[in-house]
Amino acid sequence: MLLMTPGPTPSPEFLRRAMSGESIHHRTPEFEAIFARVRDRLKRFMQASEIVLLAGTGSGAMEAALTHLCAKRALTINAGKFGERWTKIAKAFGKNPLELTYEWNAPAKVEDVENALKNNGDVDALFIQVCESAGGLRHPVEAIAKAAKAARKDIFVVADGITAVGAEKFEVANIDALIAGSQKAFMLPPGLAAIGLSQKAAEHIETTGGAGFYFNLATELKNQRKNTTAWTAATTLVQGLDAFFARLDQIGEDNFYADTLRRRDAGTAALRAIGAHIYPLAPAPSMFSVLHPQAAKLRKWMKSEAHVNVGGGQDHLKETLLRVSNMGFVSPNEIAWSLNALEMAMDKLGARKYDGNANARFTETYYQ
Ligand SMILES: *Cc1c(COP(=O)(O)O)cnc(C)c1O
């Protein structure tokens, strides 16, 4: 079965092998050397001045970012399930969220954030997704972060980059905390999350002494600067991440990102060729997101007959959205096969006659 969901993504053989050795203990010079290397490389990869690795999924890192960087009131951007999660976390911690809501295909607007900040002096932190995976939507996070800082100098800007880090290179100058998770572009199993911090955010965390216990970032920073972790590290996943970076550095970071865009362009051409409705108004490069009245049935055929497991939609888009991952080391043949299978599924459901155009346009565009 080809796993083409936009998280978890399939773990390629070289990563699975890197994680199949003997278990190593986390309080050893052997592990500390790996941890140091991963920390340093991840810091550069995420363009962060500090980095904290956490044993948990992305949502754990979202919670930690909120508890540490929001003292009074959170401004949350909700254009899908993950934006909604920011609001739920903020509520859970009594941060009285001010929520800006959008259709799941519509990017947040800079002026809405500016107005919200102008009218609400108590907001001290902004929470957004770089890519809102619910619809495959790319928010203009660079412009929003810049405007937020211009409107309120001391605001903390927290960006969930779980389906953006490793899918595209973007400006992080005005982002104080950027979140990544192992099971998306890193192509590892779930269970490891990272937060890239700005100098200002790291200093704030240290001077306040952190918040909470397990996800206390002050405790983690203190330990991780010494290349160890406060609690037992997710050793196997850290070894996997080390192997990810070894492969990335063979390919070169620029080539890695260029490959993602090349597949994205070819896949977009393929979808247009078969008249598919690309759902987001601003699509992120990490996935192909298609709105179709029979999406759930198309997915079912693709899975049982073509052995491709693609993502569906949630809530009101449960029956009508399908999403195909374009993250990490996924190969062009896997995307081409998935879109070809989508075209055949459309034929089987009587939506459109199969003519092989998805694969033809993908291949032509990819090798142009
Ligand atoms: C996958 C994902 C998460 C993390 O969800 P977990 O279930 O905690 O791993 C958060 N935000 C976005 C945008 C995601 O795609």
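Check the entry above for the structure.
Remember, predicted model here, so these are calculated numbers, not experimental data. (Residues numbered from 1 in each chain as written. Predicted model: local features only at pLDDT ≥ 70, side-chain atom pairs only at ≥ 80, totals over all residues. Heavy atoms only, no water.)

Examining the overall build of the chain
Turning to step 1, where the next piece is worked out: Helix and strand counts for the chain come out as 13 helices and 14 strands.
Turning to step 2, where the next piece is worked out: For the chain, whose C-alpha radius of gyration is 21 Å, the value lies close to the compact-globule estimate of 21 Å for 368 residues.
Turning to step 3, where the next piece is worked out: A principal-axis box enclosing the C-alpha atoms of the chain has dimensions of 65 × 55 × 35 Å.
Turning to step 4, where the next piece is worked out: Here the chain holds 368 residues, and the buried ones make up 59% of them.
Turning to step 5, where the next piece is worked out: Here the chain has roughly 14900 Å² of accessible surface; of this, 51% comes from carbon and sulfur atoms.
Turning to step 6, where the next piece is worked out: If the 43 positive side-chain charges of the chain are averaged to one point and the 39 negative ones to another, these points end up 2 Å apart. (Helix = DSSP H or I, 4+ residues; strand = E, 2+ residues; numbered from the N terminus. Rg over C-alpha atoms; globule rule 2.2 N^0.38 Å. Buried < 20%, exposed > 50% of the residue type's maximum accessible area, 1.4 Å probe, protein only. Areas by Shrake-Rupley, 256 points an atom, 1.4 Å probe, with all protein chains shown as cover. Lys, Arg positive; Asp, Glu negative; His and termini not counted. Charge placed at Lys NZ, Arg CZ, Asp CG, Glu CD.)

Thoughts on the nonpolar core
Turning to step 1, where the next piece is worked out: Within the largest apolar cluster, 88 residues are counted, with the highest numbers of intra-cluster contacts made by Leu42, Phe45, Phe186, Leu241 and Phe244.
Turning to step 2, where the next piece is worked out: If near-sequence neighbours (up to four positions away) are discounted, Phe186 is found in contact with Leu15, Leu42, Phe45, Val165, Ala180, Gly181, Leu241, Phe244 and Phe245.
Turning to step 3, where the next piece is worked out: Of all hydrophobic cores here, the second largest spans 30 residues; its members include Ala74, Ile195, Ala202 and Ile205. (Core = buried A, V, L, I, M, F, W, Y, C linked by side-chain atoms within 4.5 Å. Contact = heavy atoms within 4.5 Å.)

Quick word on the sheet that holds strand β13 (residues 308–312)
Turning to step 1, where the next piece is worked out: Across the sheet, five strands lie side by side as β1-β13-β14-β12-β11; this open sheet has mixed pairing. The two strands at the open ends of the sheet, each matched to only one other strand, are β1 (2–4) and β11 (277–278).
Turning to step 2, where the next piece is worked out: Pairing analysis gives three bridges linking β1 to β13, with the strands arranged parallel. Along β13, the bridge assignment pairs Met4 with Val310.
Turning to step 3, where the next piece is worked out: Together, β11 and β12 (287–291) form the strand contacts of helix α10 (residues 253–273), whose direction differs from that of β12 by roughly 15 degrees.
Turning to step 4, where the next piece is worked out: Along the sheet face, helix α11 (residues 295–306) touches β13 and β14 (321–325) and points at about 160 degrees away from the line of β13. (Pairing = 2+ DSSP bridges. Axes fitted to C-alpha atoms, helices over the stretch in contact; angles between N-to-C directions.)

Description of the site of the ligand
Turning to step 1, where the next piece is worked out: If you check the shell around the ligand, you find 14 residues, and the closest are Thr57, Ser59, Ser133, Asp160 and Lys184.
Turning to step 2, where the next piece is worked out: Within the contact set of the ligand, an oxygen atom lies 3.3 Å away from a side-chain nitrogen or oxygen of Arg85.
Turning to step 3, where the next piece is worked out: Measuring from a nitrogen atom of the ligand, one finds a side-chain N or O atom of Asp160 at 2.5 Å.
Turning to step 4, where the next piece is worked out: When the ligand is considered free in solution it has 380 Å² of accessible area, and contact with the protein chains removes 87% of it.
Turning to step 5, where the next piece is worked out: Among the elements that line the shell around the ligand, the one with the most residues is helix α3 (residues 58–69), at three residues.
Turning to step 6, where the next piece is worked out: Counted by class, the shell around the ligand contains four nonpolar, seven polar and three charged residues. (Near = heavy atom within 4 Å. Polar contact = N/O pair within 3.5 Å; in protein donor to acceptor, adjacent residues only side chain to side chain. Nonpolar A, V, L, I, M, F, W, Y, C, P; charged D, E, K, R; others polar.)

With respect to the side chain of Arg263
Turning to step 1, where the next piece is worked out: Mapping Arg263 onto the fold places it in helix α10.
Turning to step 2, where the next piece is worked out: Although buried, Arg263 forms no salt bridge, and the nearest oppositely charged side chain, Asp259, lies 5.3 Å from it.
Turning to step 3, where the next piece is worked out: When residues no more than four places from it in sequence are discounted, the contact partners of Arg263 are Phe288, Asn326, Met327, Gly328, Val330, Ser331, Pro332, Ile335, Phe362 and Tyr366. (Salt bridge = Lys/Arg side-chain N within 4 Å of Asp/Glu carboxyl O.)

Quick look at the environment of Ala36
Turning to step 1, where the next piece is worked out: Secondary-structure assignment places Ala36 in helix α2 (residues 29–45).
Turning to step 2, where the next piece is worked out: On the basis of relative accessibility, which here comes to 24%, the residue Ala36 falls in the partly exposed class.
Turning to step 3, where the next piece is worked out: A C-alpha to C-alpha distance of 14 Å links Ala36 and Glu220, two positions 184 residues apart in sequence.

Remarks on the side chain of Glu220
Turning to step 1, where the next piece is worked out: On the secondary structure map, Glu220 appears in helix α8 (residues 217–224).
Turning to step 2, where the next piece is worked out: For the buried residue Glu220, which engages in no salt bridge, the nearest side chain bearing the opposite charge is Arg27, 7.8 Å off.

With respect to the layout of surface pockets
Turning to step 1, where the next piece is worked out: Estimates place the volume of the largest pocket at around 160 Å³.
Turning to step 2, where the next piece is worked out: What lines the largest pocket is a set of 15 residues, and nearest its centre among them are Leu69, Ala71, Asp124, Phe156 and His204.
Turning to step 3, where the next piece is worked out: Here the residues of the lining of the largest pocket are counted per class, giving six nonpolar, four polar and five charged. (1 Å grid on protein atoms, 1.4 Å probe; cavity = no way out; pocket = protein on both sides within 12 Å on 5 of 7 lines; lining within 4 Å. Points joined across faces, edges and corners; volume = space filled by probe spheres on them.)

Details of the pattern of salt bridges
Turning to step 1, where the next piece is worked out: The final tally for this structure, using the stated rule, is 21 salt bridges.
Turning to step 2, where the next piece is worked out: The partner of Asp40 in a salt bridge is Arg44, and the shortest N-O contact between them spans 3.4 Å. Pair noted here: Asp40 and Arg44 are both in helix α2, with a separation of four residues, about one helical turn.
Turning to step 3, where the next piece is worked out: Judged by its relative accessible area of 41%, Asp40 is partly exposed.
Turning to step 4, where the next piece is worked out: Here Asp315 and Lys81 are joined by a salt bridge, their closest N and O atoms 2.9 Å apart.

Regarding the sheet that holds strand β8 (residues 156–160)
Turning to step 1, where the next piece is worked out: Judged by pairing direction, the sheet is mixed, and its seven strands sit side by side in the order β2-β10-β9-β8-β5-β3-β4 without closing on themselves. The open sheet terminates on both sides in strands that have one partner only, identified here as β2 (50–55) and β4 (98–101). On average, each strand axis in the sheet is tilted by 20 degrees relative to the strand beside it, whichever way the strands run.
Turning to step 2, where the next piece is worked out: As judged from the four bridges shared by strand β3 (residues 73–78) and strand β5 (residues 123–129), these two strands associate in the parallel manner.

No statement about biological role is implied by the geometric values presented.
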